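# Structure at a glance
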Amino acid sequence: MLSHTLEQGVLVITVDQDPGIDGRAALATEITNLVDAHRPAPVVIVLGEQAASNATVSAVLRAHQWCGRLGILMCVVTHSAPLRRLLENNAGTFGPGPVVHAQVDAAIATAFTAAA
């Protein structure tokens, strides 16, 4: 369901599949465990086309709250404009929403620059 790499000191997590409603908590836990293991590295979450769902957005926003508590920048990448709007509109009241990009290289550059 997900994979991860380190690029330029940035933790890049790729979500390839929709976790479904029943899997969203597990996905959020997997992401936050990776964040904990690699902190204080900034985080970029890449959402593949098969992962574009409300359940994925819910998991990503939970992980964003975790990153906020830790003071870690989190960016999200999706090619889907509707999904980008969904992420931006549902960030809630826990500080600013995640930085959302359409391209992976832009997200990594943003995270790398912010961490420097």
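Check the entry above for the structure.
Each chain has its residues counted from 1, running along the sequence as written. It should be noted that, the model being predicted, local features are given only for residues of pLDDT at least 70 and side-chain atom pairs only at 80 or more, the latter also being counted only at that level, while totals for whole chains, interfaces and linings use all residues. The side-chain quantities take in all heavy atoms of the structure and omit both hydrogens and water.

In terms of nonpolar packing, the biggest core is built from 24 residues, with Val43, Ile45, Leu47, Met74 and Leu87 touching the most fellow members. Put simply, DSSP H or I for four residues or longer makes a helix, DSSP E for two residues or longer makes a strand, and each gets a number counted from the N terminus. For this core, the secondary-structure elements that each account for two or more residues are strand S2 (10–15), helix H1 (20–38), strand S3 (43–47), helix H2 (54–70), strand S4 (74–77) and helix H3 (81–89). Ranked by residues supplied to this core, first place goes to H2 with six residues. It only takes one pair of heavy atoms within 4.5 Å for two residues to be counted as in contact. In contact with Ile45, other than residues within four places in its own chain, are Ile13, Val15, Ile31, Val60, Met74, Cys75, Val76 and Val77. Formed by nine residues, the second largest nonpolar core is a distinct cluster that contains Val10, Val44, Ala107 and Ala111. In these notes, a set of buried Ala, Val, Leu, Ile, Met, Phe, Trp, Tyr and Cys residues joined through side-chain atoms within 4.5 Å is what counts as a nonpolar core. Residue exposure (1.4 Å probe, protein chains only): buried if accessible area is under 20% of the type maximum, exposed if over 50%, otherwise partly exposed.

With that out of the way, let us pick up the environment of Ala116. Here Ala116 shows up in the segment after helix H4 (104–115). The exposure class assigned to Ala116 is exposed, which follows from its relative accessible area of 83%. Residues Ala116 and Val46, spaced 70 residues apart in sequence, show a C-alpha to C-alpha distance of 21 Å.

Below, the discussion takes up the sheet that holds strand S5 (residues 99–101). When DSSP finds at least two bridges between two strands, those strands are taken to pair. Across the sheet, which stays open at both edges, the five strands sit in the order S1-S2-S3-S4-S5 with mixed pairing between neighbours. Sheet topology places strand S1 (2–7) and S5 at the edges, where each strand pairs with a single neighbour. Strand-to-strand twist in this sheet, taken as the mean axis angle between neighbours without regard to direction, amounts to 20°. Where S1 and S2 come together, six bridges link them in antiparallel fashion. Across the sheet, Leu6 pairs through a bridge with Leu11, a residue of S2. Sheet strands touched by H1: S1, S2 and S3. Its angle to S1, the strand with the most contacts, is close to 20°. All axes here are fitted lines through C-alpha atoms, helices being fitted over the stretch that makes contact, and every angle between N-to-C directions spans 0 to 180 degrees. Its contacts with the sheet place H4 against S1, S2, S3, S4 and S5, and it is angled at close to 175° to S4.

For the peptide bond that leads from Arg39 to Pro40, omega is 15°, which places it in the cis range. Tracing the backbone through its elements, the reader meets Pro40 in the loop between H1 and S3. Phi angles above zero are rare outside glycine, and Gln8 is one such case at about 55°. Within the secondary structure, Gln8 is located in the loop between S1 and S2. The class of Gln8 is exposed, set by a relative accessible area of 54%.

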